[in-house]
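Architecture at a glance
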Amino acid sequence: MASLMVGSLVAFAGNFYQDVDVTWGDGRAKILNNGKLFTLSLDKDSGSGFQSKNEYLFGKIDMKLKLVPGNSAGTLRSQGSSWDEIDFEFLGNLSGDPYIIHTNVYTQGKGNREQQFYLWFDPTADFHTYSILWNPGNVVFYVDGRPIREFKNLQSFGIPYLNNQSMKAYSSIWNADDWATRGGLVKTDWTQSPFTASFRNFNAKACIWSNGVSSCSSSNATNNAWFSQELDSSSQKRLRWVQKNYMVYNYCEDITRFPQGLPLECTVTNKA
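Residues numbered from 1 in each chain as written. Predicted model: local features only at pLDDT ≥ 70, side-chain atom pairs only at ≥ 80, totals over all residues. Heavy atoms only, no water.

Let's shift gears to the overall build of the chain. On a plain count of helices and strands, the chain comes out with 4 helices and 17 strands. Here the chain holds 272 residues, and 54% of them are scored as buried. A fraction of 67% describes how many contacts in the chain between residues 6 or more apart in sequence connect residues 24 or more apart. Of the roughly 12500 Å² of accessible surface on the chain, 47% is carried by carbon and sulfur atoms. (Helix = DSSP H or I, 4+ residues; strand = E, 2+ residues; numbered from the N terminus. Buried < 20%, exposed > 50% of the residue type's maximum accessible area, 1.4 Å probe, protein only. Contact = heavy atoms within 4.5 Å. Areas by Shrake-Rupley, 256 points an atom, 1.4 Å probe, with all protein chains shown as cover.)

This part covers the pairing of strand E9 (residues 100–106). In terms of burial, E9 is a largely internal element, 7 of the 7 residues being buried. Pairing of strand E8 (residues 85–91) with E9 involves 7 bridges; the strand directions are antiparallel. Considered in E9, the bridge of Asp-87 is made with Asn-104. Sheet topology places E9 next to strand E10 (residues 115–118); 4 bridges connect them, and they run antiparallel. If you follow His-102 over to E10, its bridge partner there is Gln-116. (Pairing = 2+ DSSP bridges.)

A few words now on the pairing of E10. Sheet analysis places E10 next to strand E17 (residues 247–250), joined by 3 bridges and oriented antiparallel. Looking at E17, one finds that Phe-117 is bridged to Met-247.

Right, let's talk about the nonpolar core for a bit. Counting 55 residues, the largest nonpolar core has Phe-88, Tyr-130, Trp-134, Val-139, Leu-162 and Phe-199 as its most contacted members. For this core, the element with the most residues is strand E15 (residues 195–210), which contributes 8 residues. (Core = buried A, V, L, I, M, F, W, Y, C linked by side-chain atoms within 4.5 Å.)

Before going further, it helps to examine the state of the cysteines. In a disulfide, the sulfur atoms of two cysteines are held together by a covalent bond. Inspection of every chain in the model, using the stated rule, returns 2 disulfides. The side chain of Cys-207 participates in a disulfide bridge whose partner is Cys-216; the two sulfur atoms lie 2.0 Å from each other. Disulfide Cys-207 to Cys-216: torsion about the S-S bond roughly -100°, handedness left-handed. We note that Cys-207, like Cys-216, is buried. The disulfide partner of Cys-252 is Cys-266, and the gap between their sulfur atoms is 1.9 Å. (Disulfide = S-S within 2.5 Å.)

Time to look at the environment of Ala-29. As for its placement among the helices and strands, Ala-29 is situated in strand E3 (residues 29–32). Placed 20 residues apart in sequence, Ala-29 and Gly-49 show a C-alpha to C-alpha distance of 6.5 Å. If we skip the residues at most four places from it in the chain, Ala-29 touches Val-22, Trp-24, Phe-38, Thr-39, Leu-40, Ser-48 and Gly-49.

Now for the environment of Phe-50. You can see Phe-50 is positioned in strand E5 (residues 48–52). Accessibility expressed as a relative area gives 2% for Phe-50, which makes it buried. The spacing of Phe-50 and Ser-172 is 122 residues in sequence and 6.4 Å in space, taken between C-alpha atoms. Apart from residues lying up to four places away in sequence, Phe-50 is in contact with Val-20, Asp-21, Val-22, Thr-23, Phe-38, Leu-40, Met-63, Ala-169, Tyr-170, Ser-171 and Phe-199.

Right, let's get into the packing of aromatic side chains. In this structure the tally under the stated criterion is 16 aromatic pairs. Taken together, a centroid distance of 5.3 Å and an interplanar angle of 80° make the contact between Phe-88 and Phe-141 edge-to-face. Taken as a pair, Phe-88 in strand E8 and Phe-141 in strand E12 (residues 138–143) lie far apart in primary sequence, 53 residues in all. The exposure classification of Phe-88 matches that of Phe-141, with both residues buried. Aromatic side chains Phe-90 and Tyr-130 sit 4.9 Å apart centroid to centroid with 80° between the ring planes, which places their arrangement in the edge-to-face category. Within this pair, whereas Phe-90 is found in strand E8, its partner Tyr-130 is found in strand E11 (residues 128–134), the two being separated by 40 residues in sequence. A residue is classified by how much of its surface remains accessible, and Phe-90, at 1% relative accessible area, is buried. (Phe/Tyr/Trp six-rings, centres within 6.5 Å; stacked < 30°, edge-to-face > 60°.)

With that settled, consider the side chain of Asp-84. Residue position: Asp-84 is located in the loop between strand E7 (75–80) and E8. Here the side chain of Asp-84 touches Gln-108 through a polar contact of 2.8 Å, landing on its backbone nitrogen. In contact with Asp-84, not counting residues within four places along its chain, are Tyr-106, Thr-107, Gln-108, Tyr-161, Leu-162, Asn-163, Gln-165 and Met-167. (Polar contact = N/O pair within 3.5 Å; in protein donor to acceptor, adjacent residues only side chain to side chain.)

Our next topic: the confidence of the model for the chain. Close inspection of predicted coordinates is inappropriate in any region flagged by low pLDDT. Summarising the model, the chain shows a mean pLDDT of 83, and 81% of its residues fall at 70 or more. pLDDT under 50 marks residues 71–78. Its contacts with residues more than four places away, or in other chains, come to 57 contacts. (pLDDT = per-residue confidence, 0-100.)

Right, let's talk about the pattern of salt bridges for a bit. A side chain of one charge can pair with a side chain of the opposite charge if their charged atoms are brought near each other. All chains considered together, the criterion is met by 5 salt bridges. The residue Lys-53 makes a salt bridge to Asp-21 at a minimum N-O spacing of 2.5 Å. On the criterion of sequence distance, the pair formed by Lys-53 in the loop between E5 and strand E6 (56–66) and Asp-21 in strand E2 (residues 20–24) is long-range, its members being 32 residues apart. On the basis of relative accessibility, which here comes to 32%, the residue Asp-21 falls in the partly exposed class. A salt bridge links Glu-114 to Arg-257; its shortest N-O distance comes to 2.7 Å. Here Glu-114, found in the loop between E9 and E10, pairs with Arg-257, found in the loop between E17 and helix H4 (264–267); they are 143 residues apart in sequence, far enough to count as distant. Under the relative-accessibility criterion, Glu-114 is labelled buried at 14%. (Salt bridge = Lys/Arg side-chain N within 4 Å of Asp/Glu carboxyl O.)

Here it is in structure tokens:
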């Protein structure tokens, strides 16, 4: 865990040697280009992963990512934290089929809040920026600066929120062909392996949590826009555009899954 930096927010400029630790993969996770590029690979024997060196309690995390090209059905690449947990997962595809972004939010170990989206571009052709804003008021998922999902702090309605546990940022690639692609119907074609995803520009504007103390004091945290950032009317419009045109699953509309009633956050329309 990082040394305590009291009274300052921390922003990393994307050197993977400084920012992350390889957690598994036996050589399949590689830092390249003097720390500016990170690759994770999956073959039939193993996947790979890394995690941030620091723990955070609130922050804005950005990462540029180029996904696995070609036939990568059954592979899963995730970017999340646990437990609480904010999940940004990318479900593998068949050549020519779109990737699915799978998002989830866990609070106090409880998830089941999945929302899934297609993308409006080919995520294997170039790097794109995937971001998570996490502050005391809300969690917002972004793709290239466009919001795709919001999870508000609704503790006043008895809904737990992610404001008590520090988290690290994790990323990994592994074989999930038992469920990831078309519910497990499409299996990984290992003749196409290794599958490699590439990362650049890890950037964390965040409050580092160390030894029970945050690097953000109440005064300097509130001076940073991300700490109190919410979606304005323009951002809400962009969010609705994504959800209208690209959302493929929303747990808040799945009455078959929740026959006793939808989760409370789905029915609360106004923030307290």
